[in-house]
There are 2 protein chains.
Amino acid sequence: MSEKHVLALSGGVGGAKLAAGLAAVLAPEDLTIVVNTGDDFEHLGLTICPDIDSVTYALAGLNDTQRGWGVKDESWQAMAMLKDLGEADWFNLGDRDMGMHIARSWRLRAGDTLSAVTARLTRKLGIASAIVPMSDAPLRTQVGTADGWLDFQRYFVAEQCRPVATAIRFDTGPAGAAPSPAFAQALAREDLGAIVVCPSNPYLSVDPILAVNGVRELLAARKVPLVAVSPLVGGTALKGPLAKLLSELGQPVSNQAIAAHYGDLLDHLIIDESDAADAGGLRETGLSVTVTGTVMCDAGDRERLARVALSAARIETG
Amino acid sequence: MSEKHVLALSGGVGGAKLAAGLAAVLAPEDLTIVVNTGDDFEHLGLTICPDIDSVTYALAGLNDTQRGWGVKDESWQAMAMLKDLGEADWFNLGDRDMGMHIARSWRLRAGDTLSAVTARLTRKLGIASAIVPMSDAPLRTQVGTADGWLDFQRYFVAEQCRPVATAIRFDTGPAGAAPSPAFAQALAREDLGAIVVCPSNPYLSVDPILAVNGVRELLAARKVPLVAVSPLVGGTALKGPLAKLLSELGQPVSNQAIAAHYGDLLDHLIIDESDAADAGGLRETGLSVTVTGTVMCDAGDRERLARVALSAARIETG
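How each quantity is defined
- Residue positions within a chain follow its written sequence, with the count starting from 1.
- Each chain gets a letter, beginning with A, and each ligand a number, beginning with 1, in the order they are written.
- Selection of residues for local features in this predicted model requires a pLDDT of at least 70, selection of side-chain atom pairs for listing and counting requires 80 or more, and totals for whole chains, interfaces and linings are taken over all residues.
- Hydrogens are left out, water is left out, and the side-chain values use all remaining heavy atoms of the structure.
- What counts as a helix is a DSSP run of H or I of at least four residues, what counts as a strand is a run of E of at least two, and both are numbered from the N terminus.
- The rule is simple: take the accessible area with a 1.4 Å probe, protein chains only, and divide by the maximum for that residue type; under 20% is buried, over 50% is exposed, in between is partly exposed.
- The charge count includes Lys and Arg as positive and Asp and Glu as negative, but it does not include His or the ends of the chains.
- Any carboxyl oxygen of Asp or Glu that lies within 4 Å of a side-chain nitrogen of Lys or Arg is treated as forming a salt bridge with it.
- Note on contacts: a residue pair is in contact if any heavy atoms of the two residues lie within 4.5 Å.
- All axes here are fitted lines through C-alpha atoms, helices being fitted over the stretch that makes contact, and every angle between N-to-C directions spans 0 to 180 degrees.
- Roughly parallel means an angle under 35 degrees; roughly antiparallel means over 145; roughly perpendicular covers 65 to 115; every other angle is labelled oblique.
- By definition, any crossing whose near helix is turned counterclockwise from its far helix by less than a right angle is left-handed, and any crossing with a clockwise turn is right-handed.
- For this scheme, ten residues count as nonpolar: Ala, Val, Leu, Ile, Met, Phe, Trp, Tyr, Cys and Pro. Four count as charged, namely Asp, Glu, Lys and Arg, and the remainder, Gly too, count as polar.
- The least-squares superposition of copies is restricted to C-alpha atoms, and to residues with a pLDDT of at least 70 in both copies.
- Centres within 6.5 Å make a pair out of two Phe, Tyr or Trp rings, where for Trp the six-membered ring is used; the pair is then stacked when the planes are under 30 degrees apart, edge-to-face when over 60, and tilted otherwise.
- Placement of a positive charge over a ring is assigned whenever Lys NZ or Arg CZ falls within 6 Å of the ring centre and within 35 degrees of the normal to the ring plane.

An unreviewed UniProt entry lists chain A under the name 2-phospho-L-lactate transferase, with Novosphingobium album as the source organism.

Novice: A description of the side chain of Asp97(A) should follow, citing residues and the corresponding values.
Specialist: Residue and element names in this part refer to chain A. With respect to the secondary-structure elements, Asp97 resides in helix 4 (residues 95-109). There is no salt bridge for the buried Asp97, and the closest opposite charge comes from Arg104, which lies 6.2 Å off by N-O distance. With residues near it in sequence (within four places) discarded, Asp97 still touches Asp53, Tyr57, Val71 and Glu74.

Novice: Go over the packing of helix 8 (residues 202-210) of chain A against helix 11 (residues 255-262) of chain A with me, naming the residues and quoting the values.
Specialist: All names here are of chain A. Relative to each other, helix 8 and helix 11 sit at 15 degrees, their axes nearing to 12 Å. On the basis of the axis angle, helix 8 is roughly parallel to helix 11. Between helix 8 and helix 11 lies a crossing of right-handed hand. In this structure, helix 8 contributes Pro202, Tyr203, Val206 and Asp207 to the contact, and helix 11 contributes Ile258, His261 and Tyr262. Among the residues making up the contact of helix 8 with helix 11, the classes are represented as five nonpolar, one polar and one charged.

Novice: Mind laying out the relation of the copies chain A and chain B, listing which residues take part and the relevant values?
Specialist: These two copies of the chain differ by a rotation about an axis and a displacement along the same axis. Taken as rigid bodies, chain A and chain B are interconverted by a rotation of 180 degrees and an axial shift of 0.0 Å, the fit giving an RMSD of 0.0 Å. These values place the two chain copies in the arrangement generated by a two-fold rotation axis. Minimal C-alpha distance to the rotation axis in chain A is attained by Asp95(A), lying at 3.1 Å.

Novice: I'd like to hear about the environment of Phe41(B), residue by residue, with values.
Specialist: By the secondary structure assignment, Phe41(B) is in strand 3 (residues 41-43). Placed 112 residues apart in sequence, Phe41(B) and Gln153(B) show a C-alpha to C-alpha distance of 7.6 Å.

Novice: Can you tell me about the packing of aromatic side chains, naming the residues and giving the values?
Specialist: On inspection of all chains with the given rule, the structure shows ten aromatic pairs over all chains. Considering the side-chain rings of Phe152(A) and Phe156(A), the 5.0 Å spacing of their centres and the 20 degrees angle between planes classify their relative orientation as stacked. Of this pair, Phe152(A) and Phe156(A) are both found in helix 6 (residues 152-158), four residues apart, which corresponds to roughly one turn of the helix. Among the residues examined, Phe152(A) registers a relative accessible area of 5% and is labelled buried. Following the ring pairs from residue to residue traces out a cluster consisting of Phe41(A), Trp90(A) and Phe91(A). Above the face of the Trp69(B) ring, Arg67(B) is positioned so that its terminal group lies 5.0 Å from the ring centre.

Next comes the structure, spelled out in structure tokens:
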């Protein structure tokens, strides 16, 4: 027991690694992992939640570490049949992954909330830590391009991030998207000790969480350290469109840009040792900085980085 | 071209074999295969149409001939994940088969009729003959037992036909189930030359088709031969619960019972050579009878039996 609760904010694959590290070093009751749902979409009648699934598979030890996404020991037979039947095949879904989408979709259609469905399915996979959607209401990330607004998966998968991004927005119903019950509860906990922003894309994976009703204000008002792990390594993104996106949005591809993006919310930035030269400039702005290896190749790396992040927030681990 | 149109009525696996034989010996425009949808059900948010799929896989050459049902080269990974997620696993769905259910389900939910979806998906698999649901409205077969009415798949798959059947009924909305457009059109064709009842369970696979609004009356009023292939071989059913069901419903397990069940609708019964002794008694009732091998192990068997059935209805084939 750390005696303090830790709230982690995570996007997909990169964030999921640190989330798994945190789950390995903290007691389940001391951790709430809030996951971006801005990438979620409806496809072939299924509700697909890529980031919830990345975190779930990582914590269940089901993630494919070779391919870098999806489920290990995966096959692709349902998708092959769907292709033969003339259905859209631009978003590849594995057979085991398909089982997850089918289970989630029918329970959502039966009236369960995304929170309830996620809690049930993660528990069934033996995950003790709470994996929580940022909201039970839709908040859909869209990327502005010369051809208009693209839904996130259209931009990310179908177009493979080729279009030049001019802006990013988060599409919700007229009332916006309220935090999920467990997210709201975690933010309100008296024993909240730290907020850890996992190494996910600030624009595409963390900003959607900050765009949930009231979240940015609650984070600004909190009294506990907010520690972010930079997604940059060696001055660029390990994977994904972050570097391209930063350039297109007129930002330098640097930890300075990451720090500036989080602004006053950020207390402590953890940067990779390959970017150690950034530390001085960042500290001059009043930020605390830890320089360490942030590339997570195995469970040891994940747990070590989790301990570094918690230590930066002065959270004790066993 | 036979110059006459043939309407085939089919259930699942056994019927599908003769349907495939008919499709092999008739030009596509000369054949309408109407399929029982009384076994259809909603499961895990998917609409599953077992008999349409059996006929589709047989005509596309995708059926697994070893296992006797489903798709060949099948895998079961989505189902394994669903089981891990705590979902119902009493109805086993293969991965390739799952692709079919996903494609059908999302198109039905988007508002297409079962006729339109079936036409689209069978065409995509290269099937030129028309495979047509008996109705676009639900008509659900239920089996009466000591524990009340069981939905067909609950009886057939979950309970493996163990409960003693006391009655069979077809559950529809208050207006009943209208024939699908292509079924109604086939029944009304001036060039209709024959109706072939495939070797399916009369109670569970053919009666639902006869229970569609007006179908029994239209068949009784028609002027063309109705030829049925008996599902019995050697005095019992090759597979499925027919023999058990006949006994429980107080009928002898015999071709006499099959003939009596179809009654005045039937002009010609094709029985297996192992039941040749039944022929005399059947003929005494005024029925035409052909005795031939009805077990279909390969394409040659299927086509030969199709030609026998068509010849009994005086339909010429090339």
